Amino acid sequence: MAKVTMLNMSGAEAGVIELNDAVFGIAPNEYAVHTVIKNYLANQRQGTQSALNRGEVRGGGKKPFRQKGTGRHRQGSSTDPSQVGGGVVFAPKPRDYRYTINKKVKRLAMLSALSSKVQENEIIVLDALTFEAPKTKEMIKVLANVKAAKKALIVTAEKDENVIKSAANIPGVRTALVGTMNVYEIINHTSLILTADAVKKIEEVYA
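Remember, it's a predicted structure, so these values are computed and weren't measured experimentally.

**Q** Any chance you could explain the confidence of the model for the protein chain here in plain terms?
**A** Do not read the fine detail of predicted coordinates wherever pLDDT is low. Overall, the prediction assigns the protein chain a mean pLDDT of 94, with 100% of residues at 70 or greater. By mean pLDDT, the top-scoring element of the protein chain is helix α2 (residues 30–44) (97), and the lowest-scoring one is strand β1 (residues 2–7) (89).

Listed below in structure tokens is the structure:
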């Protein structure tokens, strides 16, 4: 099992925690990670873009100019895509970009993302993360103490409004629960900050 030094909110060592190799020690599968991230981004698309094709543009009943003698190309309708104000060729229409992927691929991608953070020394484990009240300055101090990167994802086992609100206004910093974290967020943030309770819960879910 991989061993990671656990820190407290002051940045001092607070012991050593062993990480389950079945969750944090596998060989990362880049294909699974790519597949899941691609699926996640596709599912985020609203698909509300829309434009009018030549059959939907208003007008077009009368020939815009005579066939010969104008020095211009022959044209039978003002709604033609070649005309100013005409329709759009292959106009985009509202559509749903969502699709599903295999659960086993999702699980493999999550384990790969977690393992890659351990291998790249981008994981930080805190013995605890608590605030008496929402304080952005206090969260900034904690991040500086543990030497977190500018882009950091904080994962906790249980919902804590003080932690969420303390991190809400810090650019590049996001919070998540074990049940809501996803592969894209883990890969997209340089530092992955986990509480000791979050580590236990992740191992319970994915081991």
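The rest of the description comes next.
**Q** Any chance you could explain the packing of aromatic side chains here in plain terms?
**A** Applying the stated criterion across every chain, the model contains one aromatic pair. Ring centres of Y40 and Y184 lie 5.1 Å apart, and the angle between their planes is 20°; this geometry places the pair in the stacked category. Of this pair, Y40 sits in helix α2 while Y184 sits in helix α6 (residues 183–188), and the two are 144 residues apart along the sequence. On the basis of relative accessibility, which here comes to 24%, the residue Y184 falls in the partly exposed class. Of note, R45 hangs over the ring of Y97, and the distance from its end group to the ring centre comes to 3.6 Å. The residue whose ring lies beneath R72 is F65, and the NZ or CZ to ring-centre distance is 3.9 Å.

**Q** It is not clear to me how the environment of R174 should be interpreted in this structure. Could you clarify?
**A** The topology assignment puts R174 in strand β5 (residues 173–177). When the C-alpha atoms of R174 and E185 are compared, they prove to be 8.7 Å apart, with eleven residues separating the residues in sequence.

**Q** Before we go on, may I ask you to explain the sheet that holds β5 in this structure?
**A** Adjacent strands of a sheet pair through backbone hydrogen bonds, lying either parallel or antiparallel. The strand order across the open sheet built from six strands is β2-β1-β3-β6-β4-β5, with neighbouring strands paired in mixed fashion. The strands lining the two open edges of the sheet, one partner per strand, are β2 (13–19) and β5. Pairs of neighbouring strands in the sheet enclose a mean axial angle of 30°, with direction left out of account. Pairing geometry for strand β4 (residues 152–156) and β5, over five bridges, is parallel. Across the sheet, residue A152 finds its bridge partner in β5, namely V173.

**Q** What am I meant to see in the nonpolar core here?
**A** Most often, soluble globular proteins have nonpolar side chains that are buried together. By size, the foremost hydrophobic cluster in this structure holds 34 residues, and its most contacted members are F24, L114, M181 and I202. It is helix α3 (residues 103–119) that contributes the most residues to this core, six residues altogether. Contacts of L114, omitting those with residues within four sequence positions, involve V23, F24, M181, I186, L192 and I202. Ranked by size, the runner-up nonpolar core spans 16 residues in total, among them I124, L129, V146 and I170.

**Q** What am I meant to see in the pattern of salt bridges here?
**A** A side chain with one charge can pair with a side chain of the opposite charge if their charged atoms come near. As enumerated under the stated definition, the model contains eight salt bridges in all. Across the salt bridge formed by K3 and E18, the nearest N and O atoms sit 3.9 Å from each other. Here K3, found in strand β1, pairs with E18, found in strand β2; they are 15 residues apart in sequence, far enough to count as distant. Take E18: its relative accessible area is 42%, and that puts it in the partly exposed class.

**Q** What am I meant to see in the side chain of E203 here?
**A** Among the secondary structure elements, E203 is positioned in helix α7 (residues 196–206). The side chain of E203 is buried and forms no salt bridge, while K200, the nearest opposite charge, is found at 8.6 Å. Setting aside residues no more than four positions away along its own chain, E203 makes contact with E18, L19, N20, V23 and F24.

Basis of the calculations
- Residues numbered from 1 in each chain as written.
- Predicted model: local features only at pLDDT ≥ 70, side-chain atom pairs only at ≥ 80, totals over all residues.
- Heavy atoms only, no water.
- pLDDT = per-residue confidence, 0-100.
- Helix = DSSP H or I, 4+ residues; strand = E, 2+ residues; numbered from the N terminus.
- Phe/Tyr/Trp six-rings, centres within 6.5 Å; stacked < 30°, edge-to-face > 60°.
- Buried < 20%, exposed > 50% of the residue type's maximum accessible area, 1.4 Å probe, protein only.
- Lys NZ or Arg CZ within 6 Å of the ring centre and 35° of its normal.
- Pairing = 2+ DSSP bridges.
- Axes fitted to C-alpha atoms, helices over the stretch in contact; angles between N-to-C directions.
- Core = buried A, V, L, I, M, F, W, Y, C linked by side-chain atoms within 4.5 Å.
- Contact = heavy atoms within 4.5 Å.
- Salt bridge = Lys/Arg side-chain N within 4 Å of Asp/Glu carboxyl O.
- Lys, Arg positive; Asp, Glu negative; His and termini not counted.

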